[in-house]
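Spelled out, the chains give:
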Amino acid sequence: MTKLSNKNFVLEVEGLTVSFDGFKAVNDLSFYVEEEEIRVIIGPNGAGKTTVLDLICGKTKSTSGSIKFRGRDLTKMTEHAIVHAGVGRKFQNPSIYEDLTVFENLEISYPSGRSVFGALVFKRSVEVIAAIEEVAETIFLKDCLGKNAGLLSHGQKQWLEIGMLLIQNPELLMLDEPVAGMSVAERKQTAELLNRIIKERAVIVIEHDMQFVEDIAHRVTVMHQGKTLSEGSMERVKNDPKVIEVYLGG
Amino acid sequence: MQGIREFMPKQDLIYFLLLAVIVFIVLPLSTDIFRLNLLGKYLTYAFVAIGLVLCWGYGGILSLGQGVFFGLGGYCMAMFLKLEASDPETTKIQSTPGIPDFMDWNQITELPWFWEPFYSLTFTLIAILVVPTIFAYLIGVAMFKRRVGGVYFAIITQAIASILTILIIGQQGYTGGVNGITDLRTFLGWDIRTDSAKYILYFVNAGLLLGCLLVAQFIRKSKFGRLLLAMREREDRVRFSGYDVSNFKIFIFCVAAIFSAIGGAMFTLQVGFMSPSFVGIVPSIEMVIFCAIGGRLSIYGAVYGTLVVNWTKTSFSESFPELWLFAMGALFIGVVMAFPNGLAGIYKSRVEPWVVKVFTQLKGYYLEKTVATVTKPGETR
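Calculation notes
Numbering of residues starts from 1 in each chain and follows the order in which that chain's sequence is written. Whichever chain is written first becomes A and whichever ligand is written first becomes 1, with later ones labelled in order. The predicted nature of this model means local features are confined to residues of pLDDT at least 70 and side-chain atom pairs, given and counted, to a pLDDT of 80 or more, with totals for whole chains, interfaces and linings taken over all residues. The helix and strand labels rest on DSSP assignments: H or I over at least four residues marks a helix, E over at least two residues marks a strand, and numbering proceeds from the N terminus. Here a residue counts as buried when 20 or more other C-beta atoms sit within 10 Å of its C-beta, as exposed when there are 12 or fewer, and as partly exposed otherwise, the C-beta atoms being derived from the backbone. For this measure, only C-alpha atoms enter the radius of gyration; the expected value for a globule follows 2.2 Å times N^0.38, where N is the number of residues. We call two residues in contact whenever the C-beta atoms placed from their backbones are within 7 Å. Residue polarity follows a fixed list, in which Ala, Val, Leu, Ile, Met, Phe, Trp, Tyr, Cys and Pro are nonpolar, Asp, Glu, Lys and Arg are charged, and the others, Gly among them, are polar. In short, DSSP must find at least two bridges between two strands for them to pair. To obtain each axis, a line is fitted to C-alpha atoms, and for helices this fit is confined to the stretch in contact; angles are then taken between N-to-C directions over 0 to 180 degrees. Either an automatic procedure or a domain database provided the assignment from which the domain bounds are taken. Roughly parallel means an angle under 35 degrees; roughly antiparallel means over 145; roughly perpendicular covers 65 to 115; every other angle is labelled oblique. Here a crossing is called left-handed whenever its near helix is offset anticlockwise from the far helix by less than a right angle, and right-handed whenever the offset is clockwise.

Honestly, the overall build of chain B in this entry has me stumped. Any pointers?
Across its full length, chain B carries 16 helices and two strands. Projected onto the principal axes, the alpha-carbon positions of chain B cover approximately 95 × 55 × 45 Å. Relative to its full complement of 381 residues, chain B shows a buried share of 43%.

Mind showing me how you'd approach the overall build of chain A here?
For chain A, the count of helices and strands is ten helices and ten strands. Taking 250 residues into account, the globule formula puts the C-alpha radius of gyration at 18 Å, and chain A, at 18 Å, falls close to it. By residue count, 44% of the 250 residues in chain A fall in the buried class.

Help me out: how do you make sense of the interface of chain B and chain A in this one?
Interfaces are often sized by the amount of accessible area the parts lose when they come together. Each partner contributes to the interface: chain B provides 21 residues, whereas chain A provides 24 residues. Mapped by element, the contributors of at least two residues to the side of chain B that touches chain A are helix H10 (223-233), helix H11 (235-239) and helix H12 (245-271) of chain B. The leading source of residues in the side of chain B that touches chain A is H10 of chain B, at seven residues. Split by residue class, the side of chain B that touches chain A holds nine nonpolar, four polar and eight charged.

Is there a simple way to explain the pairing of strand E7 (residues 172-176) of chain A in this structure?
Every other side chain in a regular strand lies on the same face of the sheet, so the side chains alternate between the two faces. All names here are of chain A. Burial analysis of E7 places five of its five residues in the buried class, the great majority of the element. Pairing of E7 with strand E8 (residues 202-206) involves five bridges; the strand directions are parallel. Looking at E8, one finds that Leu172 is bridged to Ala202.

Hey, could you run me through unusual backbone geometry in this one?
A negative phi angle characterises most non-glycine residues, just as the trans form characterises most peptide bonds. Residue and element names in this part refer to chain A. Of note, the phi angle at Asp28 is positive, near 50 degrees, even though the residue is not glycine. Within the secondary structure, Asp28 is located in strand E2 (residues 23-34). Its identity as a non-glycine residue notwithstanding, Arg70 has a phi of 50 degrees, on the positive side. The exposure class of Arg70 is partly exposed, given the 15 C-beta atoms found within 10 Å.

Would you take a moment to explain H10 of chain B for this structure?
Helical geometry: 3.6 residues make up each α-helical turn, so side chains three or four residues apart lie on a common side. In terms of burial, H10 of chain B is largely enclosed, as nine of its eleven residues are buried. The complete set of buried residues in H10 of chain B reads Lys223, Phe224, Gly225, Arg226, Leu227, Leu228, Leu229, Ala230 and Met231 of chain B.

Even after reading the chapter, I still don't get the environment of Gly272 of chain B, so can you show me in this structure?
All names here are of chain B. Take Gly272: it is sitting in the loop between H12 and helix H13 (281-294). Considering only alpha carbons, one finds Gly272 and Gln94, 178 residues apart in sequence, at a separation of 22 Å. With residues up to four places along the chain from it excluded, the contact list for Gly272 reads Leu184, Ile192 and Arg193.

How do you make sense of the sheet that holds strand E4 (residues 64-69) of chain A when you look at a structure like this?
Strands belonging to one sheet form pairs held by backbone hydrogen bonds; the direction of such a pair is parallel or antiparallel. All names here are of chain A. One open sheet holds the four strands; their spatial order is E2-E1-E4-E5, and the pairing between them is antiparallel. The open sheet has two edge strands, E2 and strand E5 (72-73), and neither has a second partner. Taken together, the eight bridges between strand E1 (residues 9-20) and E2 define a ladder with antiparallel strand orientation. Each residue of the ladder has a partner; that of Ser19, found in E2, is Lys24. Packing against the sheet, helix H1 (residues 49-57) makes contact with E1, E2 and E4, and its axis sits at approximately 70 degrees to E2.

When you look at the domain arrangement of chain A in this model, what are you seeing that I'm missing?
Residue and element names in this part refer to chain A. Under the domain assignment, chain A is made up of domain 1 (1-86 + 170-250) and domain 2 (95-169). The gap between the C-alpha centroids of domain 1 and domain 2 is 26 Å. Contact with domain 1, which involves twelve residues of that partner, is made by twelve residues of domain 2. With six residues, helix H7 (residues 184-197) is the single largest residue contributor to the side of domain 1 that touches domain 2.

Just to check I follow, could you spell out the sheet that holds strand E3 (residues 38-42) of chain A for this structure?
Residues and elements named next belong to chain A. Spatial strand order, E6-E7-E8-E3-E9-E10: six strands in an open sheet with mixed pairing. Of all strands in the sheet, those with a lone pairing partner are strand E6 (87-90) and strand E10 (227-232), marking the two edges. When strand polarity is set aside, the average angle formed by the axes of neighbouring strands in this sheet is 15 degrees. Strand contacts of H1: E3, E6, E7, E8 and strand E9 (219-224), with the helix running at about 145 degrees to E7, the strand carrying the most contacts.

Can you help me understand the environment of Gly342 of chain B in this one?
Residues and elements named next belong to chain B. With respect to the element layout, Gly342 can be found in helix H16 (residues 342-375). When the C-alpha positions of Gly342 and Ile219 are compared, they lie 21 Å apart, and in sequence the two are 123 residues distant. Sequence-distant contacts of Gly342, that is, excluding residues within four places in its chain, are made with Ala292, Ile293, Gly294, Gly295, Arg296, Gly301, Gly305 and Val335.

So what exactly am I meant to see when it comes to the packing of H13 of chain B against helix H15 (residues 324-338) of chain B here?
Helix packing geometry: the angle between the two helix axes and the distance between the axes. Residues and elements named next belong to chain B. Between H13 and H15, the least distance of the axes is 9 Å, while the angle of their chain directions is 40 degrees. Taken together, the axes of H13 and H15 are oblique relative to one another. The two elements H13 and H15 meet at a crossing, and its hand is left-handed. Residues Ile289, Ala292 and Ile293 of H13 touch H15, and the partners they reach there are Met328, Leu331, Phe332, Val335 and Val336. The residue makeup of the contact of H13 with H15, split by class, is eight nonpolar, no polar and no charged.

Whenever I open this one, the packing of helix H3 (residues 33-58) of chain B against helix H9 (residues 195-221) of chain B confuses me. Can you help?
Residues and elements named next belong to chain B. Two elements in contact, H3 and H9, have axes whose closest approach is 9 Å; the angle formed by their N-to-C orientations is 15 degrees. The angle between H3 and H9 falls in the class roughly parallel. The element H3 and its partner H9 pack so that their crossing is left-handed. When its residues are assigned to classes, the contact of H3 with H9 shows 17 nonpolar, four polar and three charged.

Can you walk me through the environment of Glu235 of chain A in this structure?
In this structure, Glu235 of chain A sits in helix H9 (residues 234-238). Spatially, the C-alpha atom of Glu235 of chain A lies 23 Å from that of Leu11 of chain A, the residues being 224 residues apart in sequence.

Structure, rendered in structure tokens:
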């Protein structure tokens, strides 16, 4: 896919390559995410999906290529600067602070007092508490604010991490398998939750659940061996013979 | 009011006041000056243990080199006291009068340049705080910015402790070598070896300790404290929530270093000397043990842990000196295996429920009595 110059892209990934001791986990990958677009990345295991998110959020440094977020090159920025620029990322396994309460988990993610001295003098102001309660409401955890996060169910932990991103109000939200390991009921609730929170921002989702993908995706990128195998609407991708061969199965 | 309650909840206030009563009233009243001076010495280690609670217990940064900062603080103070003890009058039998005796023994004829500023008390007091901070900052930047952590960090701090010991011992002419800086007598002309001075120094030390506890309490109860816990658990999540994790680690490591240095300086004042045996690997690890036994998540527990272990050490090694190290090793392993939160953890899970029960009963009894007396006249019950 070529870049259309009249389009306003949130994220432009061009020629992205990362090589681990000669193995190219991501190989000359390019894709563009538009404003308010929901992009789903699918592909077989080891295709490099998670690595792409790692590269965007700065966890892994690229070997070559560029990642432009609203015109700023993320490959040269530190992780926390990337977050400040407006990129939020959810990890594959629920990544929350189990020893802290749900409230404290959300409070830490609240985007203020992020410097050493800022954190020392940080006050639980009315706005902070209101913001936390609002997010807790959205992620179905309003009644668990005082509970230790370690005591939550797996699905609730996933929601909490989504809430932790939400409170940062990122312009680009990246979710790595948000419904993995969830019960059917939780899955449905999560889909509903995601549908609500992905408005007004660009979202990149990695997911295996095809029904879920069909429900939310605007556009789908299929990755295989670090490269784009196919890209386009779900309809188009589903009927692409290459995709059927390597991923969806005959 | 809201802010104060947030900073010092009722429970913590009780712990704090209880410790203050013990340190300020119970201990001085129940022991003679010799033992009290000994307790004062132990309490100087408690500064290190409190720092370790923040750094290791909260932040997950295990430093096995806190003796370095204890030593730096102690040596800064010792240099000041030594210069005062080496005036030309008292050292006139030396071939170069007016310099510390150990320099004279090592054929040094001129006071080294880095000793000069320690004639000034102001400089010394600043140096006690600043030198360890700068050193901790440099170590922190070198390690944490490169994401060195966990066991590697512990080993490196241990190596630094070892290097500093070797350096001090090797540079005998400048540092007093293996004997350290000894024969310290006066502080601005005030004889620190008398019983009354020891009393005063004990209370100064206890006051400073409580001050450090308040600082630690403030950090613990701020968002910084919660961030430390979060970092210990999920460093990546904190990083990807927009925090520069290394800065937080550097800061808390520096705070722990400052606490240790204050302890070291007070050690020198109370004990009257400073030597490399408080800098190296063994004392550094001992300090971690004090903290672990007291409870690595409790700043108050760490103080009790330090006192208990040292008290046991003194009584035990008086009778079985060669067995003490084994006993302490066994104690450490036992505590970590059975009670990972140390004395504070045992108190929290075993003793506190009982204390609370007794108090509620007492309160209930008292309330009943007052209600009974109030409602008695004219009431038909």
